[in-house]
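Given next are the chains, with one letter for each unit.
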Amino acid sequence: PEVFRLREDVSALPAEQGKAILHACLSAAGKILEKTPDNPASGELHELNDRQATNRIGTWYAGLDLLCPFLSEGVCISYEERPIACREHTVTGSAAQCAAGGTSEASVVRMPVSVLECLGRLCAELEQREIEAVILPLALPWALKNHDRSQQTWPARTMVERFIEILREATNQHESTRKHDEVHV
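Residues numbered from 1 in each chain as written. Predicted model: local features only at pLDDT ≥ 70, side-chain atom pairs only at ≥ 80, totals over all residues. Heavy atoms only, no water.

Focus on unusual backbone geometry
Move 1: The phi dihedral of Asp65 falls on the positive side, at around 55°, and the residue is not glycine.
Move 2: Inspection of the secondary structure assignment puts Asp65 in the loop between α3 (50–63) and β1 (71–72).
Move 3: Asp65 gets classed as exposed once you look at its relative accessible area, which sits at 57%.
Move 4: The backbone of Gln128 shows a phi angle near 55°, a positive value even though the residue is not glycine.
Move 5: Assignment of secondary structure puts Gln128 in the loop between α6 (115–127) and α7 (139–145). (Helix = DSSP H or I, 4+ residues; strand = E, 2+ residues; numbered from the N terminus. Buried < 20%, exposed > 50% of the residue type's maximum accessible area, 1.4 Å probe, protein only.)

A few points about helix α1 (residues 2–12)
Residues spaced three or four apart along an α-helix face the same direction, because each turn holds 3.6 residues.
Move 1: When α1 is considered as a whole, its buried residues turn out to be Val3, Phe4, Leu6 and Val10. Projection of α1 onto a plane perpendicular to its axis shows the buried side chains occupying an angular sector of 160°, all on one side. With respect to the buried face of α1, the exposed residues turned more than 90 degrees away are Glu8 and Ala12. (Arc of directions from axis to C-beta.)

Here's the deal with the side chain of Arg149
Move 1: By the element assignment, Arg149 lies in the loop between α7 and α8 (156–183).
Move 2: When residues no more than four places from it in sequence are discounted, the contact partners of Arg149 are Phe4, Glu127, Arg129, Glu132 and Trp142. (Contact = heavy atoms within 4.5 Å.)

Side note on the state of the cysteines
Move 1: Taken as a whole and assessed by the stated rule, the structure comprises zero disulfides.
Move 2: With no disulfide of its own, Cys68 lies closest to Cys86 among cysteine sulfurs, the gap being 5.9 Å.
Move 3: For Cys68, a relative accessible area of 28% gives the class partly exposed. (Disulfide = S-S within 2.5 Å.)

Quick word on the confidence of the model for the protein chain
Move 1: On average, residues of the protein chain score 82 in pLDDT, and 82% of them are at 70 or above.
Move 2: Between the elements of the protein chain, mean pLDDT differs from a low of 59, seen in helix α5 (residues 95–98), to a high of 93, seen in α6. (pLDDT = per-residue confidence, 0-100.)

Points about the environment of Ile164
Move 1: Tracing the backbone shows Ile164 in helix α8.
Move 2: The partly exposed category is assigned to Ile164, whose relative accessible area is 36%.
Move 3: Sequence separation of Ile164 and Leu122 is 42 residues, and the distance between their C-alpha atoms is 9.8 Å.

Examining the packing of aromatic side chains
Move 1: Throughout the structure, instances matching the rule amount to one aromatic pair.
Move 2: Considering the side-chain rings of Phe4 and Trp142, the 5.4 Å spacing of their centres and the 45° angle between planes classify their relative orientation as tilted. Here the residue Phe4 occupies a position in helix α1, and Trp142 occupies one in helix α7, the gap between them amounting to 138 residues.
Move 3: Using a relative accessible area of 15% as the deciding quantity, one classes Phe4 as buried.
Move 4: Sitting above the plane of the Tyr79 ring, Arg82 keeps its charged end 3.9 Å from the centroid. (Phe/Tyr/Trp six-rings, centres within 6.5 Å; stacked < 30°, edge-to-face > 60°. Lys NZ or Arg CZ within 6 Å of the ring centre and 35° of its normal.)

Topic: the nonpolar core
One recurring pattern in soluble globular proteins: nonpolar side chains tend to sit buried together.
Move 1: Within the largest apolar cluster, eight residues are counted, these being Leu6, Val10, Leu13, Ile21, Cys25, Phe70, Leu136 and Leu140.
Move 2: Contributions of two or more residues to this core are made by α1 and α2 (15–34).
Move 3: Other than its neighbours up to four places away in sequence, Ile21 contacts Val10, Leu13, Pro69, Phe70, Ile77 and Leu140.
Move 4: Core analysis: the next-biggest nonpolar cluster, separate from the first, contains six residues, Val113, Phe163, Ile166 and Ala170 among them. (Core = buried A, V, L, I, M, F, W, Y, C linked by side-chain atoms within 4.5 Å.)

Considerations on the environment of Val134
Move 1: Here Val134 lies in the loop between α6 and α7.
Move 2: A relative accessible area of 28% means that Val134 is categorised as partly exposed.
Move 3: Residues Val134 and Val3, 131 residues apart in the sequence, show an inter-C-alpha distance of 7.8 Å.
Move 4: Leaving out residues up to four positions away in the same chain, Val134 has contacts with Val3, Ala139 and Trp142.

Following this line, the structure appears as structure tokens:
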């Protein structure tokens with residue numbers, strides 16, 4: 001759902017700014033395609049749990065050292081409506097640590113439960129598909145290719161109740177893992 005909203009946000013921008021973002025997305029997409037690992041969806045990623053696979057893909061993506069295509073003159077054009085992946089990527093330290101070529105790494109705060117992963121599960125269940133993640137620079141072409149999916153609707157109560165259940169399951173799993181780890185320390 002966030003990808004479709006991002007597409008709407010970009011469509012509502014002044015033409016020049018929208019073109020600049022599309023150009024930045026296409027440039028980043030080219031770099032992603034140049035450095036895509038062989039068979040990224042096969043083998044080892046299928047053997048990992050959702051969090052491990054997400055972390056592995058996130059590490060690969062961060063290693064590409066791409067600027068976010070939604071930055072305009074160093075400012076996020078959708079900050080107030082930014083995707084959950086951006087909201088959940090919380091770092092501590094100075095802004096200089098996040099800059100390309102920074103002298104030290106920013107410290108990423110790990111969330112005990114990922115709302116993004118929970119929403120991914122909800123969407124997969126509702127659409128009866130596999131869990132999907134769309135890398136930000138590929139969001140606009142993905143939204144165009146999957147326009148029919150943007151037209152699907154479900155009762156709000158059903159979505160909220162199931163989302164709460166998924167959050168509870170994830171929280172319980174995190175607590176169980178944490179307690180297990182404490183016992184074995």
